[in-house]
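Report on the structure
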Protein chains: 2
Amino acid sequence: MPSGRKTVINLMYTANLVGERTTELLKPFGITVQQFNVLRILRGQKGKPANLFTIQERMIHKMSNTTRLVDKLIEKKLVDRMVCPNNRRKVEISITDSGLKLLSEIDGPIDELNLTLVEAFTPEELETFNIFLERIRS
Amino acid sequence: MPSGRKTVINLMYTANLVGERTTELLKPFGITVQQFNVLRILRGQKGKPANLFTIQERMIHKMSNTTRLVDKLIEKKLVDRMVCPNNRRKVEISITDSGLKLLSEIDGPIDELNLTLVEAFTPEELETFNIFLERIRS
DNA sequence: TAACTTTAGTTGTATATACAAATGTTAGTG
DNA sequence: CACTAACATTTGTATATACAACTAAAGTTA
């Protein structure tokens, strides 16, 4: 088997396993991986709201219906939507206190899972691994 | 940010990009990534048919409706289904000549894409990268 | 051999995702 | 200032996915 083929299969297989474990972990908290990632993006804004385009741009899975994903988060009162007063085409999404609280509850378990996944790596190996991943993307 | 968290996000992000590129590549051939992987699993059987459980076990994305995924491939005449004569609970799925032909057409482009993705790696680095991925899974 | 358990696959239902077309808003041009 | 293009988001539709309940066949045991 050509080496690139094997590596790509290995990559997809591994990422999928990690995704499944993450989905499972998030289930008791009532959110999906995608919703979780959007919440983290919004937390990263440090109070500043983000519009849908910004969110979509930073999402791991780039799909076009960010609207509906955010709708789910609004239903759960984890984020707020506000039409941008300067540019009424835009909407500004910001994480609520309740959203921040939920994230803070998830932080512990998710870091624990992530640490378990990479526990066999030395810091140097982890650095190398990250560089390898970035190299594939470039 | 804790190092495990960063690495896992990096992994998911990269795998997703690779998945998107693969989806795009397969589109003109009229199959999805999942369907493509099932076809490759069946080709790997070298003439021997596989039952649904075996297919599901080897699939990258483990979901429970392998039945419907295989149905799509049957509609396209890329695989055949036959009830196992020894054990009528089982069904045996095998790739058709038309399925093999389609795979052989895709092999070139997909290897080209995969090689492009890992072109910056030396063989040693690729080996290391594969070991890292396996380490995460274990 | 009837009743029970396990195995293998199928089906129903709810939700998620992808893609394209549509809507409403702003900016630019003659 | 009407006209056109670009932008930001929403909506429609088809397909994919996850999960659970269901069916049917085979094996097990009293």
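Along each chain, the written sequence defines residue order, and numbers are assigned to residues from 1. For this description, chains carry letters from A and ligands carry numbers from 1, given in the order in which they are written. Note on the predicted model: pLDDT of at least 70 is required for a residue's local features to be given, and 80 or more for side-chain atom pairs to be given and counted; whole-chain, interface and lining totals, by contrast, use all residues. Side-chain metrics rest on all non-hydrogen atoms present in the structure, leaving aside hydrogens and water.

Secondary structure follows DSSP: runs of H or I at least 4 residues long count as helices, runs of E at least 2 residues long count as strands, and numbering of each begins at the N terminus. Check the secondary structure of chain A and you find 6 helices and 3 strands. For chain A, the α and β elements follow one another from N to C terminus as α-α-β-α-α-β-β-α-α. In terms of its C-alpha atoms, chain A occupies a principal-axis envelope of roughly 55 × 30 × 25 Å. Relative accessibility decides the category of a residue: with a 1.4 Å probe and only protein chains considered, values under 20% of the type maximum give buried, values over 50% give exposed, and everything between is partly exposed. In chain A, which comprises 138 residues, the share counted as buried stands at 45%. By sequence separation, contacts in chain A at least 24 residues apart represent 49% of the contacts at least 6 residues apart. We get accessible surface area from the Shrake-Rupley algorithm with a probe of 1.4 Å; when it comes to residues, only the shown protein chains can shield them. Total accessible area computed for chain A in this model is approximately 7600 Å², and 54% of it derives from carbon and sulfur atoms. Pairs of residues are marked as contacts when any of their non-hydrogen atoms sit within 4.5 Å.

For helix H6 (residues 123–137) of chain A, built from 15 residues, the straight-helix expectation of 21 Å at 1.5 Å per residue is met to within 8% by its first-to-last C-alpha distance of 22 Å. Residues of H6 of chain A that are buried: Leu-126, Phe-129, Asn-130, Phe-132, Leu-133 and Ile-136 of chain A. The arc that holds the buried residues of H6 of chain A, viewed along the axis, is 155°, so those residues lie on one side. Among the exposed residues of H6 of chain A, those oriented more than 90 degrees off its buried face are Pro-123 and Glu-124 of chain A. Those residues of H6 of chain A that are buried are in contact with helix H1 (3–26) of chain A together with helix H1 (3–26), helix H5 (97–118) and helix H6 (123–137) of chain B. Expected span of a helix, by definition, is 1.5 Å for each gap between consecutive residues, and there is one gap fewer than residues. What the arc covers is the set of directions going from the helix axis to the C-beta atoms.

All names here are of chain A. Criterion used throughout: strands pair if DSSP finds at least two bridges between them. Taken in spatial order, the 3 strands line up as E1-E3-E2 in an open sheet, and their pairing is antiparallel. Sheet topology places strand E1 (50–51) and strand E2 (79–83) at the edges, where each strand pairs with a single neighbour. Two elements, E2 and strand E3 (residues 91–95), share 5 bridges in a ladder whose sense is antiparallel. Counterpart to Val-79 in the pairing with E3 is Ile-95. Against the sheet, helix H2 (residues 33–44) contacts E1, E2 and E3, and its axis sits at roughly 95° relative to E3. Every axis in this analysis is a line fitted to C-alpha atoms, fitted for helices over the stretch in contact. Angles between the N-to-C directions lie between 0 and 180 degrees. Helix H4 (residues 66–75) rests against E2 and E3 of the sheet, and its axis sits at about 120° to E2.

On their own, these measurements won't tell you what the molecule is for.
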